[in-house]
Structure formats: C-alpha cells, structure tokens
Amino acid sequence: MQCPYCDHDDSKVVDSRDINETVRRRRQCLGCGERFSTFERVVARGLSVVKKDGRREEFQREKFAAGIGKACEKRPLPTGTLDKMVDDIESEIYGLGKAEVPSYLIGDIVIERLKRLDHISYIRFASVYRSFSDITSLKKAVDTLLGDDVPLVPSAQLPLIPPATVGRKARTGAK
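Since the structure is predicted, the reported quantities are computational estimates derived from the model, not experimental observations.

Teacher, can you tell me more about the pairing of strand E1 (residues 11-19) here?
Side chains on a regular strand alternate between the two faces of the sheet. Pairing of E1 with strand E2 (residues 22-29), which is carried by 8 bridges, proceeds in the antiparallel orientation. Bridge pairing in E2 places Lys12 opposite Gln28. Here E1 folds back onto E2 in antiparallel fashion, the turn holding 2 residues, of which Asn20 has a positive phi close to 50°.

The following block contains the structure:
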C-alpha cells in the first residue's frame, strides 16, 4: 500500500474493523510514520449487465451509484441512506448467483426501493428508466404512486413542515 504522504511503498496494519461489507484498515507508513486509513471491499466474480439492446457491460458499482445519486440529488435524505441502499442492492444482485443479470431486473429493484424511500427520487428515476414519452405516462406513474398503499411521506424522508406546525396554523387561521 503506497503512503499518501510520502509515496513509500510499505506500510503496516495497526487496526482492522469490519464495517458492513467493507474492512477499514488503519495503516502506518514504514517510511514516514504517518497513519492513514484504507477501505477494502470483497470483489465478487465478474457480473455482466445485459442491456435492452442486447449489449453486455461489466457491472460498475460507481456508475450504478451515480445513477441513483442523480435521482436523489438535493433531496432531504438521511446521511448514509444512499450508500446503504447501493450496498443492499449490490448484495441482492450478486446474491442471485448469476453471471449475467438483465438491466431491467436491476432497474426494478431500484424502483421499488426508491418508491419506499422518497417519491420525488422515485419519479426522477422512473422518468429515465421507464422512458416516459409524454405527460400522460408520467401522470399514470404519479397516480399509481398515489393509489398504492405507500404513505405520502415515506418513513425515511424528513417532513417539509413539522406536523405540529401544520395543525397550529390551521387552528389559528395563519397563512
């Protein structure tokens, strides 16, 4: 492991801890003595994603996480929620035990998770994933969302207006 401070090629592990599906290692450079952390993730065997047009691409965690992150951009989600969701979905995909997974299967898993997490992120992702051709298909998706037994404010989403404030304004007639 190369030291980020002096570029020395050798270090020793001072401490190791398991964090979810990764291992955090605290290292000390044998050249300059500085300490730094590394995170290791087990790399499973290769997994190919079969695209709609039949092409096959290697599964890329970063690309996958970026797509979900784009849908959730500027949303009031608790810290670490997206990382946990990406970890969980990646584990589920590798857990299928297949060498090739169709992209629609991955998209369906993401859609279901986002529907429970944040409705706006769900609609953003669905608009790209489902390739809405017009406003009618977008309206159908929103109507379906409202028709499901999904709470209007998912449990993981922070409310925009605290419930106590809403009731107080209604009683006092404040605007």
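Sorry if this is basic, but what is going on with the sheet that holds E2 here?
Backbone-to-backbone hydrogen bonds pair the strands of a sheet. The strands run either parallel or antiparallel. Spatial ordering of the open sheet is given by E1-E2-E3, a layout of 3 strands whose pairing is antiparallel. The sheet is open, and its two edges are formed by E1 and strand E3 (35-41), each paired on a single side. Across the sheet, the axes of successive neighbouring strands diverge by a mean angle of 25°, strand direction being ignored.

Would you mind going over the packing of aromatic side chains with me for this structure?
Think of a pair of aromatic rings as described by two things: how far the centres are apart, and how the planes are tilted against each other in angle. Taken as a whole and judged by the stated rule, the model has 3 aromatic pairs. Ring centres of Phe59 and Tyr94 lie 6.1 Å apart, and the angle between their planes is 85°; on these two criteria the pair is classed as edge-to-face. Here Phe59, found in the loop between strand E5 (56-58) and helix H1 (61-71), pairs with Tyr94, found in helix H2 (residues 81-95); they are 35 residues apart in sequence, far enough to count as distant. Accessibility expressed as a relative area gives 9% for Phe59, which makes it buried. Given the relative accessible area of 22%, Tyr94 is considered partly exposed. By way of ring pairs, the aromatic residues Phe59, Phe64 and Tyr94 are connected into one cluster. Above the face of the Tyr129 ring, Lys52 is positioned so that its terminal group lies 6.0 Å from the ring centre.

What's the story with the layout of surface pockets in this structure? I'm lost.
Empty pockets left among the atoms are what a rolling probe the size of a water molecule brings to light. In this structure, the largest pocket occupies an estimated 600 Å³ of space. Along its surface, the largest pocket is lined by 22 residues, and Lys51, Phe64, Ser103, Ile106 and Phe125 are the ones closest to its centre. In terms of residue count, the dominant contributor to the lining of the largest pocket is H1 (6 residues). Split by residue class, the lining of the largest pocket holds 11 nonpolar, 4 polar and 7 charged.

Looking at this model, I keep getting lost on the sheet that holds strand E6 (residues 100-102). Mind explaining?
Sheet architecture is open: 3 strands sit in the order E5-E4-E6, paired in mixed fashion. Two strands in the sheet have a free side with no partner beyond their single neighbour: E5 and E6. Taken pair by pair, the neighbouring strands of this sheet meet at an average axis angle of 30°, ignoring direction. Sheet topology places strand E4 (residues 48-50) next to E6; 3 bridges connect them, and they run parallel. Across the sheet, the residue bridging to Ser48 is Glu100, located in E6.

Just to check I follow, could you spell out the pairing of E3 for this structure?
Sheet analysis places E2 next to E3, joined by 7 bridges and oriented antiparallel. Each bridged residue has a counterpart across the sheet, and for Arg24 the counterpart in E3 is Phe39. The hairpin formed by E2 and E3 contains 5 residues between the paired strands, and Gly33 there has a positive phi angle of roughly 85°.

How should the nonpolar core be read in this particular structure?
Nonpolar side chains in soluble globular proteins tend to be buried together. Formed by 26 residues in total, the largest nonpolar core has its most connected members in Phe64, Ile68, Ile89, Ile93, Ile106, Val110 and Leu114. Mapped by element, the contributors of at least two residues to this core are H1, H2, helix H3 (103-117), helix H4 (119-129) and helix H5 (135-147). The element best represented in this core is H3, accounting for 6 residues. The contacts of Ile106, once residues within four sequence positions are left out, are Val49, Phe59, Phe64, Ile93 and Val101.

Reading the values: rules and limits
- Residues numbered from 1 in each chain as written.
- Predicted model: local features only at pLDDT ≥ 70, side-chain atom pairs only at ≥ 80, totals over all residues.
- Heavy atoms only, no water.
- Pairing = 2+ DSSP bridges.
- Helix = DSSP H or I, 4+ residues; strand = E, 2+ residues; numbered from the N terminus.
- Axes fitted to C-alpha atoms, helices over the stretch in contact; angles between N-to-C directions.
- Phe/Tyr/Trp six-rings, centres within 6.5 Å; stacked < 30°, edge-to-face > 60°.
- Buried < 20%, exposed > 50% of the residue type's maximum accessible area, 1.4 Å probe, protein only.
- Lys NZ or Arg CZ within 6 Å of the ring centre and 35° of its normal.
- 1 Å grid on protein atoms, 1.4 Å probe; cavity = no way out; pocket = protein on both sides within 12 Å on 5 of 7 lines; lining within 4 Å.
- Points joined across faces, edges and corners; volume = space filled by probe spheres on them.
- Nonpolar A, V, L, I, M, F, W, Y, C, P; charged D, E, K, R; others polar.
- Core = buried A, V, L, I, M, F, W, Y, C linked by side-chain atoms within 4.5 Å.
- Contact = heavy atoms within 4.5 Å.

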